[in-house]
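# Survey of secondary and tertiary structure
One letter stands for each residue in the lines below.
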Amino acid sequence: MIDLLDDPDNLVFETVEQELLKEDDAIIPELEEKWEASFDETSQERIENLIQDLQFKKTRNMLYNWLSSNKADLLEGFLIIDRFQYPDVNGDVVFQKIEKIKNTVWLELNDSLTLLEKTTILNHFLFNVHGFSINHSNLKSPQNCYLNQLLDTKKGNPVSLSLLYTILARKLGLPVFFIDFPKNPLVAVVDSDLARKVHGNKSKSDVLFYINPSNKGSIASRKEVNYHLKKYKFTPENKFSEPQPDRLLFQRLLELLRDSFRAVGFVEKEARTEQLLQLFDVTVGTKE
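Here the residue numbers are simple positions, counted from 1 along each chain's written sequence. Only residues with pLDDT of at least 70 are given local features in this predicted model, and only at 80 or more are side-chain atom pairs given and counted; all residues enter the totals for whole chains, interfaces and linings. Calculated side-chain values reflect all of the structure's heavy atoms, with hydrogen atoms and water omitted.

### Section: the overall build of the protein
Just so we agree on the cut-off: Secondary structure elements follow DSSP: runs of H or I no shorter than four residues count as helices, runs of E no shorter than two count as strands, and numbering proceeds from the N terminus. Three exposure classes are used, based on accessible area relative to the maximum for each residue type with a 1.4 Å probe and protein chains only: buried under 20%, partly exposed in between, and exposed over 50%. Residue contacts are defined here by distance: any two heavy atoms, one from each residue, within 4.5 Å place the two residues in contact.
Of the regular secondary structure elements, the protein holds 13 helices and seven strands. For the protein, the C-alpha atoms occupy an extent of roughly 75 × 40 × 35 Å along the three principal directions. Buried positions account for 46% of the 288 residues belonging to the protein. For the protein, contacts bridging at least 24 residues in sequence account for 61% of all contacts bridging at least 6.

The following block contains the structure:
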């Protein structure tokens, strides 16, 4: 059937295309061989589009399964977003880079340290030693949304950097969760017992303190966060100051990716990102 992709009859091609799109990405190597053997530009373009469609189909299915899982892993989810742009991204290589960063921090930690002290050490290594920061010079670049690029360039956007921070902090045993603070996601350290000791028994929040990965991991108190929410009239406050499901962090990342594609004029990529975002509505009833 692949041999019919260079048939000059559009009706034949469309029929073949529909059938091949029912397959999975296992047929991609055969399509690539067909592309290399073809000298017809139209045929090559058809094959390229078909390969991209099959790769996107796989990414969409992987994201759906990830969202539907009640044990969704953050690193796995981040790699699925990477595969949207980089289908052949090597997950093992990415994992090794993450582990290398984690180990440099882990060597400096011990059980006698407080959560704040452990956070300070993580901040030092992530932002001062490894040099991760916001890509202020090209903030709207889609590349800021991909983990493999973030690890290579040390530059990202507020959401991707918060996601990397959360992954590393959890690997180090820190009880951290995503905070959907407007325009600038935060990470919260959560411990109900310590929160009561520090903030009093009347405190209704389990958040001990907040971390701002966009500002080298600067620490903020509940009072500071609430001040900014009131100042800019963001309500209800709990929506922007209490821990949110991990899936919302990925939704924010894809929203940024969609907006980045729109900013650079990649219409087709923007539309496909929108398709991925629709999966969050489809799986809305899934366990977190």
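Anyway, onward from the coordinates.
### Here's the deal with the packing of helix 4 (residues 74-85) against helix 12 (residues 246-264)
Condition: In this analysis, axes come from line fits to C-alpha atoms, helices being fitted only over the stretch in contact, and the angle between any two N-to-C directions falls in the range 0 to 180 degrees. Should an angle fall under 35 degrees it is called roughly parallel, over 145 degrees roughly antiparallel, and 65 to 115 degrees roughly perpendicular, with every other angle called oblique. If you view the pair so one helix is near and one far, a crossing is left-handed when the near helix is turned anticlockwise from the far one by less than a right angle, and right-handed when it is turned clockwise. Gly is put with the polar residues, along with every residue not named as nonpolar or charged; the nonpolar set is Ala, Val, Leu, Ile, Met, Phe, Trp, Tyr, Cys and Pro, and the charged set is Asp, Glu, Lys and Arg.
Closest axis-to-axis distance for the helix 4/helix 12 pair is 11 Å, and the angle between their directions is 20 degrees. In terms of their interaxial angle, helix 4 and helix 12 are classed as roughly parallel. Where helix 4 crosses over helix 12, the handedness of that crossing is right-handed. In this structure, helix 4 uses Leu 74, Gly 77, Phe 78, Ile 81, Phe 84 and Gln 85 to contact helix 12, whose residues at the interface are Asp 246, Phe 250, Leu 253, Leu 254, Leu 257 and Phe 261. Its residues placed into classes, the contact of helix 4 with helix 12 shows nine nonpolar, two polar and one charged.

### As for a negative patch on the surface
Put simply, the test is: Patch membership is restricted to residues that have no salt bridge and whose relative accessible area is over 30%. Joining uses 9 Å for like charges and 5 Å for the nonpolar side chains Val, Leu, Ile, Met, Phe, Trp and Tyr. For accessible areas, the Shrake-Rupley method is used with a probe of radius 1.4 Å. Any residue's cover is judged against the shown protein chains and nothing else. We count a salt bridge whenever a side-chain nitrogen from Lys or Arg sits within 4 Å of a carboxyl oxygen from Asp or Glu. In summary, the charge assignment counts Lys and Arg as positive and Asp and Glu as negative, without counting His or the chain termini. We put the charge of a Lys on NZ, of an Arg on CZ, of an Asp on CG and of a Glu on CD.
A contiguous patch of negative charge, built from Glu 30, Glu 32, Glu 33, Glu 36 and Asp 88, is present on the exposed surface. As for its placement among the helices and strands, Glu 30 is situated in helix 2 (residues 28-37). Looking at Glu 30, the relative accessible area reads 46%, which means it is partly exposed.

### Observations regarding the nonpolar core
Quick reminder of the rule: Remark: nonpolar core denotes a set of buried residues (Ala, Val, Leu, Ile, Met, Phe, Trp, Tyr, Cys) joined through side-chain atoms within 4.5 Å.
Leu 63, Ile 98, Phe 132 and Leu 164 are the most contacted members of the largest nonpolar core, which has 58 residues in total. If you tally residues by element for this core, the top one is helix 8 (residues 158-171), at eight residues. Residues within four places of Ile 98 in sequence aside, it is in contact with Leu 75, Leu 147, Leu 151, Leu 164, Ile 167, Leu 168 and Lys 171. Membership of the second largest hydrophobic core comes to twelve residues, among which are Val 16, Leu 20, Leu 31 and Ile 51.

### Some remarks on the sheet that holds strand 3 (residues 176-179)
Definition in use: Pairing between two strands is assigned when DSSP locates at least 2 bridges connecting them.
Spatial ordering of the open sheet is given by 6-5-4-3-7, a layout of five strands whose pairing is antiparallel. Here the strands that pair on one side only, and so sit at the sheet edges, are strand 6 (218-220) and strand 7 (243-244). Packed on one face of the sheet, helix 6 (residues 115-129) meets strand 4 (186-190), strand 5 (207-212) and strand 6 and runs near 10 degrees to strand 5. Where helix 9 (residues 192-199) meets the sheet, its contacts fall on strand 4 and strand 5, and the angle it forms with strand 5 comes to roughly 95 degrees.

### Some remarks on the packing of aromatic side chains
Our working definition: Working definition: rings of Phe, Tyr and Trp (its six-membered ring) pair if their centres are within 6.5 Å, and the pair is stacked with planes under 30 degrees apart, edge-to-face with planes over 60 apart, and tilted otherwise.
Here the structure, examined in full by the defined rule, presents seven aromatic pairs. Between Phe 84 and Phe 261, the aromatic rings sit 6.1 Å apart at their centres with planes inclined by 75 degrees, giving edge-to-face as the arrangement. With Phe 84 in helix 4 and Phe 261 in helix 12, this pair connects stretches of sequence that are 177 residues apart. Judged by relative accessible area, Phe 261 falls into the buried class, the value being 2%. Joined through ring pairs, the aromatic side chains of Phe 56, Phe 84, Phe 261 and Phe 266 make up one cluster.

### Here's the deal with the side chain of Lys 118
You can see Lys 118 is positioned in helix 6. Despite its burial, Lys 118 pairs with no opposite charge, the nearest such side chain being Asp 111 at 4.7 Å. When neighbours within four sequence positions are excluded, Lys 118 is seen to be in contact with Leu 109, Asn 110, Leu 113 and Leu 174.

### Observations regarding the pairing of strand 3
Regular strands have side chains that alternate between both faces of the sheet. Of the pairings in the sheet, the one linking strand 3 to strand 4 comprises four bridges and is antiparallel in character. Its bridge partner being in strand 4, Ile 179 is matched across the sheet by Leu 186. Between the antiparallel neighbours strand 3 and strand 4 lie six residues, among them Lys 183 with a positive phi of about 65 degrees. Where strand 3 lies against strand 7, two bridges are found, and the strand directions are antiparallel. For Ile 179, the partnering residue across the bridge sits in strand 7 and is Pro 243.

### Here's the deal with the pattern of salt bridges
All told, the structure shown has 15 salt bridges when counted by the stated rule. Notably, a salt bridge pairs Arg 262 with Glu 270, separated by 2.9 Å at the nearest N-O pair. Taken together, the salt bridges that share partners define one network made up of Arg 258, Asp 259, Arg 262, Glu 270 and Glu 274.

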